[in-house]
Amino acid sequence: MLFKRVQCGVDAVMSHFIAQGLPFLKNDDMLTPKDLEGFKMEAKTAKFLNPRSHGFVRVGTCVPEVILGNPLANADEIIRMTKEGHDKGASLLVFTELSLTGYSIDDLFLQDVLLDAVEDAIMKIREETIDLDPVILIGAPLRHNGRIFNCAVAIDAGEIIGVVPKTHLPNYREFYEKRWFASGRTIIGETIVLGGKEIPFGTDLIFQDTENKDFVFHIEICEDLWAPAPPSDFGALAGALILANLSASNITVGKSDHRKLLCSAQSSRAVAAYLYAAAGPGESTTDLAWDGQAMIYELGDLLAETERFPSGSQMCLADVDVERLRLERMRSGTFNDAGTLNLGERKFRKVTFQHFWRYTGGDLLRNVARYPFVPADPARLDQDCYETFNIQVQGLATRLKKTGIRRLMIGVSGGLDSTHALLVAARAFDQLGWPRSDIYGYTMPGFATGDSTKSNAWALMRSLGITAEEVDIKPMALEELRMLRHPFSDGQPVYDVTFENVQAGVRTDFLFRAANMHGGMVLGTGDLSELALGWCTYGVGDHMSHYNVNASVSKTLIQHLIRWVISTGAFDASTNDTLASILDTEISPELVPADADGKMQSTQDKIGPYDLHDFFVYYTTRFGMTPSKIAFLALHAWSDAEKGAWPPNFPEAKRVAYDLPTIRKWLESFLFRFFTTSQFKRTAVPNGPKVTSGGSLSPRGDWRAPSDGNATIWIEELRKRVPETL
């Protein structure tokens, strides 16, 4: 490997080159063209596997065990933890409020001996972190113009790059900060002298890396977050993607949840990552207690947290997706409007620093869900299924009530999609107080319909008490094939797209004519996953209906919705038995007869696994991520079936893994189908309710694109940046 060909003395330089995806060689290396090509491939692989290449920044929140009133001893612990963070690849470490002295030292803050020692401790940290990667944020009381400020000091590679004073000083109940400190609310555009140098000082600072422009952070301190319009609001509006909070925050019963609520809400509302570290071991317990709670949130989600009430120092680390945060802000005009409205004359100084991006391996410190539409947490999945099902029911019930149409036509194949749509229809009629007999279910066997699916279709319709009919479409389809002079009409085994679409078209045409005759509405059953791939017959085919309750629901979620319906007991035991049988059926359009070995047509054998396609469509449409990043995330989510959480009650036999070549193959197929061949179908989709965030491909909803677009640049990016194998 390239990594082993470089001497230890230049490891840091080698890491930088590898992180950039460039070959790095010693001057005396004698290489053949084949060697050079091999090194280029190694560099491409190394860059692909490096989270930093995909917009991730590794951050940490640190709770040091403090020795009250001993800044030099506390500096030693901060240095030790910084070295630990360096070894683990961190780029930013946030320590606790007043971590150099301890928060709970009361009037000792007014002693010059202590304050002199604080400045000495800062110089010691500066000198001993020159060769360490992380930017560190430490808490310190500092003198300026005859006052003392509760500050956060930012240090990068041995340089003090900025100092931020606390704005909101609590002075109620157990808090007495105004006894010692001055508020920093008026400190704007100033400098403070530390180590004989003028350092930017004020609440108007944001910090940005010169290389990775998305590595940009803002600092606030403890109470600042608890106040209305916290400083981080304005820091975020000024461009900061990471919001850091150095906190003390003694613990009382219930306060931990309150902190989590604040951090989660702020990261969600500010479209940011929020890093929070509260004081812990070593603080005085004269009148208070401390739990050392440290957390990392991103867009409302908890990425990492420490244990509470630790006996010693601790930190937690996570890879924050700053690229995702930037993309999300780009999609939110409201966020940018808020910046224009609220920043006004408020100006921020941008402090730049040059961070050294070291290659730290391919590990990713965050969970990547296999199923972005299906939570693995049982309570969250139950909530999502409840909301999804009722959104669909309400959407259909409202449409029926508003139009005055009291009959519904639906094709029931015995597959997942039509099954779920029928369950939604039955519940909607129940809520409206209408008889289920006004739901007309048609099972329409064709040339390849299996006995099990037809049996399941009949069992489901009977158990739900709808009006059920069987219509053999083979004579109608064969007549159309004869009129087209298709080879199959002469007995030839030609099963092409015309053969398939004639059957799909006949079924849909029949449903629309039945709706005309009975004064009803055709209910669509096709799902989000099929629409993303264009896996539906356009116009007079399963693409079209009067209303489609499944259009915003992914194939992977529909399986869990059916399991959820079973678990709720909403329908009787016979219905639940049929639903369980349907869940075990291979996904197939059943348009092509079985082969010589009796194997039926499989959708996923032809177009790829819906597991992956649902993953691809989510990250493509919801965030606009690059194909290489989507492949990177898919590799972490799917490469090992034994790692990570699966949704509850997910069958063991279906717990599969996908390697990089498989992911790359089907991602390229997805990109071509999504951007080149299928948009015209999405441009003309029927009405249906939006269900999940980023889960609507309707041009009236989340996704608008030209029908005559192409996938060229997406496929080129995939081929350029994703290795064919590892």
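Structural data are supplied above this passage.
Draft legend 1. Quick peek at the nonpolar core. Within the largest apolar cluster, 94 residues are counted, with the highest numbers of intra-cluster contacts made by Leu396, Leu422, Phe615, Phe616, Tyr619, Leu633 and Phe670. No other element matches the nine residues that helix α11 (residues 416–432) contributes to this core. Residues contacting tyrosine 619, with those up to four places away along its chain left out, are Val368, Gly624, Met625, Ile630 and Leu633. Judged by nonpolar contacts, the second largest core, of 54 residues, contains Ile161, Ile206, Leu299 and Cys316.

Draft legend 2. Representation of helix α23 (residues 712–721). Along α23, the residues that are buried comprise Ile715, Glu717 and Leu718. For α23, the angular spread of buried residues about the axis comes to 160°, placing them on one side. In α23, those exposed residues whose orientation departs by more than 90 degrees from the buried face are Ile713 and Lys720. Residues of α23 that are buried in the fold lie against α20 (627–638) and α21 (660–677).

Draft legend 3. A look at the environment of glycine 300. In this structure, glycine 300 sits in the loop between β12 (294–298) and β13 (301–305). Spatially, the C-alpha atom of glycine 300 lies 18 Å from that of glutamate 220, the residues being 80 residues apart in sequence. Residues contacting glycine 300, with those up to four places away along its chain left out, are Ser264, Ser267 and Ser268.

Draft legend 4. Region of the structure containing empty space enclosed by the protein. Inspection of every chain in the model, using the stated rule, returns three cavities of 30 Å³ or more. What lines the largest cavity is Gly526, Asp527, Glu530, Leu531, Cys536, Asp542, His543, Asn548, Ala551, Val685 and Pro686. Its residues placed into classes, the lining of the largest cavity shows five nonpolar, three polar and three charged.

Draft legend 5. A look at the pattern of salt bridges. All told, the structure shown has 39 salt bridges when counted by the stated rule. Between aspartate 112 and arginine 143 there is a salt bridge; the shortest N-O distance is 2.8 Å. Placement of the pair is aspartate 112 in helix α4 (residues 112–128) and arginine 143 in strand β3 (residues 135–144), with a sequence separation of 31 residues. Judged by relative accessible area, arginine 143 falls into the partly exposed class, the value being 27%. Within this structure, Glu77, Arg80, Glu84 and Lys88 form a network of salt bridges that share partners.

Draft legend 6. Expanded view of the packing of aromatic side chains. Under the criterion given, the structure shown has 38 aromatic pairs. Geometrically, the ring pair formed by tryptophan 180 and phenylalanine 181 is edge-to-face, given 6.3 Å between the ring centres and 75° between the ring planes. By the ring-pair criterion, three or more aromatic residues cluster together here, those being Phe616, Phe670, Phe674, Phe675, Trp703 and Trp714. It is arginine 346 that lies over the ring of phenylalanine 234; its NZ or CZ is 3.7 Å from the centre. Sitting over the face of the ring of phenylalanine 571, arginine 427 holds its NZ or CZ atom 5.2 Å from the ring centroid.

Draft legend 7. Structural view of the sheet that holds strand β20 (residues 547–548). Sheet architecture is open: five strands sit in the order β18-β17-β16-β19-β20, paired in parallel fashion. Strands with a single pairing partner mark the edges of an open sheet, and in this sheet they are β18 (467–470) and β20. Pairing of strand β16 (residues 408–411) with strand β17 (residues 439–443), which is carried by four bridges, proceeds in the parallel orientation. Bridge pairing in β17 links isoleucine 410 to glycine 441. Contacting β16, β17 and β19 (521–524), α11 runs over the sheet at an angle of about 160° to β16. In the packing of helix α14 (residues 497–518) onto the sheet, the strands contacted are β16, β17 and β19, and the crossing angle to β16 comes to about 160°.

Thresholds applied
Once a new chain begins, its residue numbering starts again from 1 and follows that chain's sequence as written. Residues qualify for local features only when their pLDDT is at least 70, as the model is predicted, and side-chain atom pairs are given and counted only at 80 or more; totals for whole chains, interfaces and linings, by contrast, use all residues. Only heavy atoms go into the side-chain values, all of them from the structure, while hydrogens and water stay out. We define a nonpolar core as any set of buried Ala, Val, Leu, Ile, Met, Phe, Trp, Tyr and Cys residues linked to one another through side-chain atoms lying within 4.5 Å. Burial classes follow relative accessibility: with a 1.4 Å probe on protein chains only, a residue under 20% of its type's maximum area counts as buried, one over 50% as exposed, and anything between as partly exposed. Each helix is a run of DSSP H or I of at least 4 residues and each strand a run of E of at least 2, with the numbering of both proceeding from the N terminus. Throughout, a contact is declared for two residues whenever any of their heavy atoms are within 4.5 Å. The directions from the helix axis to the C-beta atoms are what the arc is built from. Using a 1 Å grid laid over the protein atoms alone, points where a 1.4 Å probe fits but cannot get out form a cavity; open sets with protein on both sides within 12 Å along at least 5 of 7 lines form a pocket; any residue with an atom within 4 Å of a point counts as lining. Grid points are joined across faces, edges and corners, and a volume is the space filled by probe spheres set on the points. Residue classes follow a fixed rule: Ala, Val, Leu, Ile, Met, Phe, Trp, Tyr, Cys and Pro count as nonpolar, while Asp, Glu, Lys and Arg count as charged, and any other residue, Gly among them, counts as polar. Salt bridge criterion: a side-chain nitrogen from Lys or Arg within 4 Å of a carboxyl oxygen from Asp or Glu. Here is the rule: rings of Phe, Tyr and Trp (six-membered ring for Trp) pair when centre to centre is within 6.5 Å. Planes less than 30 degrees apart are stacked, more than 60 are edge-to-face, and the remainder are tilted. Think of it as a cone above the ring: NZ of Lys or CZ of Arg counts as a charge over the ring if it is within 6 Å of the ring centre and within 35 degrees of the ring normal. The pairing criterion is simple: DSSP has to find at least two bridges between the two strands. Angular values range over 0 to 180 degrees, each being the angle between N-to-C directions of two axes fitted as lines to C-alpha atoms, with helices fitted over their stretch in contact.

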